[in-house]
Amino acid sequence: MTAQPPVPEPHGGSLRTDPAAPDIVDVVVVGAGPAGSAAAHWLARAGVEVVVLEQDELPRPKTCGDVLSPRAVRHLDEMGLGSETRRFHRHDGIRIVAHEVTVDVPWPDHPELVSHGCAVRRGVLDELVARQSARAGASLRTGQQVEGPLLRDGLLQGVSVLDRASGETYPLGARYVIVADGARSPLGRALGTRRDHTFPQAMAERGYYASPRHAEPWLEVVIDLRDRDAESLGGYGWAFPLGDGAVNVGVGTLALGRSTRHVQTEGLLEQFASTIATPWDLDPSSPLEPPAGGRLPMAGSVGPKSGPTWLVVGDAAASVNPFSGEGISAAYETGRMAAETVVEALATGDGSKLADHTRRVDETYGLYNRTARLFARAIEHPSLISELTRVGIQSRSLLEWAVRIMADMLRTDELGPAEAAYRTAARVVRLMPDSSTS
């Protein structure tokens, strides 16, 4: 594959940049990333009047690994985008590298998931899904920056919006608001959401490099990542072929506690790119565009996730998988959960239903996140990381178990070694007070 597929025009709904809107709509979704667009899609499919506000024009770049896991592919299929995903560059599994050993691990078999993933740049992907929400009937408005909440007696009743083209600000009322404005989440913060600093967060940076190996079917992950002082880091480096002439190269490290200054990430991307320059035939000093990165809260560390008239989803709720750093599939999932909760609240006239969203998210991810936090705490010691990677790379079975657990592809229909290992760890976590895994 040499080019990304074009994004189809919507056949329903609207893609608009004008601020014209009803005084009050059923639902406003803030942000047209994976979580926001998924929420809007499922709301519109249910016949709900929904307006999506996106501050940028689409497509727009986004710092990401540009990878869709089998879980994410399933969600796109369910949103009617299966024909599009088949046009993306396909990857069959993960190539794990450590201590000069390489092992190819195919995506695990799972009765509910496809056995492959995809690679597609986030700008293309987000526009595709956003327009799919418009096709379903959502009103998608780009260039509309949410300036803050509209409150009456402390209750959120809509948002104040800046039309970036005209410079005019206008109010948009809503019965419910879904906050999907990314990891920084200015609206979420204005509503009182906060990150628990005892939880882990990821620090990542990525760049695009030309490579003749851009069409390979394996995602390469280097698990013995080291800083400039050759100290082992909790994290990994990656080289993800995009199928369009480029490879997404990046590094992600795990930081614990409030301070991240002890994690030496300065120059880490260029250093890592230099270590893979020969096998990937790339020039580490010549990225195709300036590298980008940032911090990413994970493991559900942001809360509360619901209020009387609002819900928080995706990166704004720190839904990122703490084992792998992948956030797209959880964004699609939490966006859909939020939509289903709001549909029920609208149908019953009972706004207290919004509290069900927090309970559902905790039931779905709570134990998994706590188990991952225990793992994160265990690997913060450099000597332990080095030993784990040295032993792990020698065992295909162990690597297969790790991929199944970290990709959240555990099976419920049978108990295999990975499921048994995870359940053992989960039993330990259940017996421990929550603060012990924080």
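On a predicted model such as this, the values are computed, not experimentally measured, just so you know.

What to know about the overall build of the protein chain
The helix and strand tally for the protein chain stands at 12 helices and 20 strands. Sorting the 438 residues of the protein chain into buried and exposed places 55% on the buried side. The long-range share in the protein chain, meaning contacts at least 24 apart out of those at least 6 apart in sequence, stands at 73%.

Thoughts on the sheet that holds strand β5 (residues 89-91)
One key point about sheets: their strands pair by backbone hydrogen bonds, in either a parallel or an antiparallel sense. Read from one edge of the open sheet, 3 strands run β4-β8-β5, paired in antiparallel fashion. If you trace the sheet from one side to the other, it starts and ends with β4 (67-68) and β5, each paired once. Note that β4 and strand β8 (residues 117-119) share 2 bridges and pair antiparallel. The residue of β8 that forms the bridge with V67 is A119.

Some details on the environment of H110
Among the secondary structure elements, H110 is positioned in the loop between β7 (101-106) and β8. Look at H110 and you get buried, because its relative accessible area is 14%. Residue contacts for H110: discarding those within four places in its chain leaves M409, L410 and R411. At 3.2 Å, the side chain of H110 and the backbone oxygen of L410 are in polar contact.

Examining the packing of helix α2 (residues 70-78) against helix α8 (residues 328-348)
With their axes 8 Å apart at the nearest point, α2 and α8 run at an angle of 40 degrees to one another. The orientation of α2 with respect to α8, classified from their angle, is oblique. Handedness of the crossing formed by α2 with α8: left-handed. Taken together, the residues of α8 that come into contact with α2 (itself represented by R71, A72, R74, H75, L76 and E78) are I328, S329, Y332, E333 and R336. Across the contact of α2 with α8, the residue classes break down as 4 nonpolar, 2 polar and 5 charged.

Here's the deal with the environment of H214
With respect to the helices, strands and loops of the structure, H214 is situated in the loop between β14 (201-210) and β15 (218-222). Look at H214 and you get buried, because its relative accessible area is 18%. Expressed as a C-alpha distance, the spacing of H214 and L242, which sit 28 residues apart in the sequence, is 5.8 Å.

Here we look at unusual backbone geometry
Between L58 and the following residue, P59, the backbone shows a cis peptide bond with an omega angle of 0 degrees. For P59, the location among the structural elements is in the loop between β3 (50-54) and β4. Going from G303 to P304, the amide bond is cis rather than trans, its omega being 0 degrees. Checked against the element boundaries, P304 lands in the loop between β19 (302-303) and β20 (310-312). Look at D153: it is not a glycine, yet its phi comes out positive at around 55 degrees. Of note in the backbone geometry, D408 takes a positive phi value of approximately 55 degrees without being a glycine. Positionally, D408 belongs in the loop between α11 (396-406) and α12 (417-431).

Brief notes about the sheet that holds β14
As summarised here, the arrangement of the 7 strands in space is β7-β6-β15-β16-β17-β14-β18, forming an open sheet in which the pairing is mixed. The sheet is open, and its two borders are formed by β7 and β18 (292-297), each paired with just one other strand. In this sheet, adjacent strand axes meet at a mean angle of 20 degrees when their direction is disregarded. Sheet topology places strand β6 (residues 93-98) next to β15; 5 bridges connect them, and they run parallel. Counterpart to I96 in the pairing with β15 is V221. On top of the sheet, α11 reaches β6 and β7; it is set at about 50 degrees to β7, its chief contact.

A short note on the pattern of salt bridges
Taken as a whole and judged by the stated rule, the model has 21 salt bridges. Linking R71 and D408 is a salt bridge whose minimum nitrogen-to-oxygen distance equals 3.9 Å. Here D408 lies in the loop between α11 and α12 and R71 lies in helix α2, a separation of 337 residues in the sequence. Across the pair, D408 and R71 agree in class, each one buried. Salt bridges here are not isolated pairs; linked through shared partners, they connect E54, R60, R122 and D126.

Looking at the nonpolar core
Ranked by size, the top nonpolar core spans 46 residues in total, and within it V27, L43, L68, L125, I178 and Y332 carry the most contacts. Secondary-structure elements contributing two or more residues to this core are β2 (24-30), α1 (34-45), β3, α2, α4 (122-136), β12 (169-179) and α8. Ranked by residues supplied to this core, first place goes to α8 with 8 residues. Excluding anything up to four places from it in sequence, V27 contacts L43, V48, E49, V50, V51, A174, Y176, I178, V342 and L346. Within the second largest apolar cluster, 20 residues are counted, among which are V51, V146, A316 and A317.

A look at the environment of L172
Along the chain, L172 turns up in strand β12. Taking the C-alpha atoms as reference, L172 lies 8.3 Å from L150; in sequence the two are 22 residues apart.

A few points about the confidence of the model for the protein chain
The predicted structure's coordinates, where accompanied by low pLDDT, should not be read in detail. With 88% of its residues at a pLDDT of 70 or more, the protein chain has an overall mean of 88. Under a pLDDT of 50 for its full length, residues 1-22 has, in the predicted model, 69 contacts with residues more than four places off or in other chains. In this model residues 258-262 is a low-confidence stretch, pLDDT under 50, and it forms 6 contacts with partners more than four residues away in sequence or in other chains.

Considerations on the pairing of β15
Of all 5 residues in β15, 5 are buried, a share of seventy percent or more. Burial of β15 is two-sided: the residues W218, E220 and V222 facing one way and the residues L219 and V221 facing the other way are all buried. With 3 bridges joining them, β15 and strand β16 (residues 235-241) adopt antiparallel strand pairing. Looking across to β16, one finds that E220 is bridged to A239.

Analysis parameters
- Along each chain, numbering runs from 1 in the same order as the chain's sequence is written.
- Given that the model is predicted, a residue must reach a pLDDT of at least 70 before its local features are reported, and side-chain atom pairs must reach 80 or more before they are shown or counted; all residues, however, enter totals for whole chains, interfaces and linings.
- Note that the side-chain values use all heavy atoms of the structure and ignore hydrogens as well as water.
- Each helix is a run of H or I in the DSSP string that is no shorter than four residues. Each strand is a run of E no shorter than two, and both are numbered from the N terminus.
- Using a 1.4 Å probe on the protein chains alone, a residue whose accessible area is under 20% of its type maximum counts as buried, one over 50% counts as exposed, and one in between counts as partly exposed.
- What makes two residues a contact is simply this: any of their non-hydrogen atoms within 4.5 Å.
- Paired strands, as defined in this entry, are two strands with at least two bridges between them according to DSSP.
- Here a polar contact means two N or O atoms within 3.5 Å. Within protein one must be a hydrogen donor candidate and the other an acceptor candidate, and residues neighboring in sequence count only if both atoms are side-chain atoms.
- Only the stretch in contact is used when a helix axis is fitted, and all axes are lines through C-alpha atoms; the angle between N-to-C directions ranges over 0 to 180 degrees.
- For classification purposes, angles smaller than 35 degrees are called roughly parallel, those larger than 145 roughly antiparallel, those between 65 and 115 roughly perpendicular, and all remaining angles oblique.
- A clockwise turn of the near helix away from the far one marks a right-handed crossing, whereas an anticlockwise turn of less than a right angle marks a left-handed crossing.
- Polar here means any residue outside two lists: the nonpolar Ala, Val, Leu, Ile, Met, Phe, Trp, Tyr, Cys and Pro, and the charged Asp, Glu, Lys and Arg; Gly therefore counts as polar.
- Whenever a carboxyl oxygen of Asp or Glu lies within 4 Å of a side-chain nitrogen of Lys or Arg, that contact is scored as a salt bridge.
- Working definition of a nonpolar core: buried Ala, Val, Leu, Ile, Met, Phe, Trp, Tyr and Cys residues. They are joined through side-chain atoms within 4.5 Å.
- Each residue carries a pLDDT score, the predictor's confidence in it, ranging from 0 to 100.

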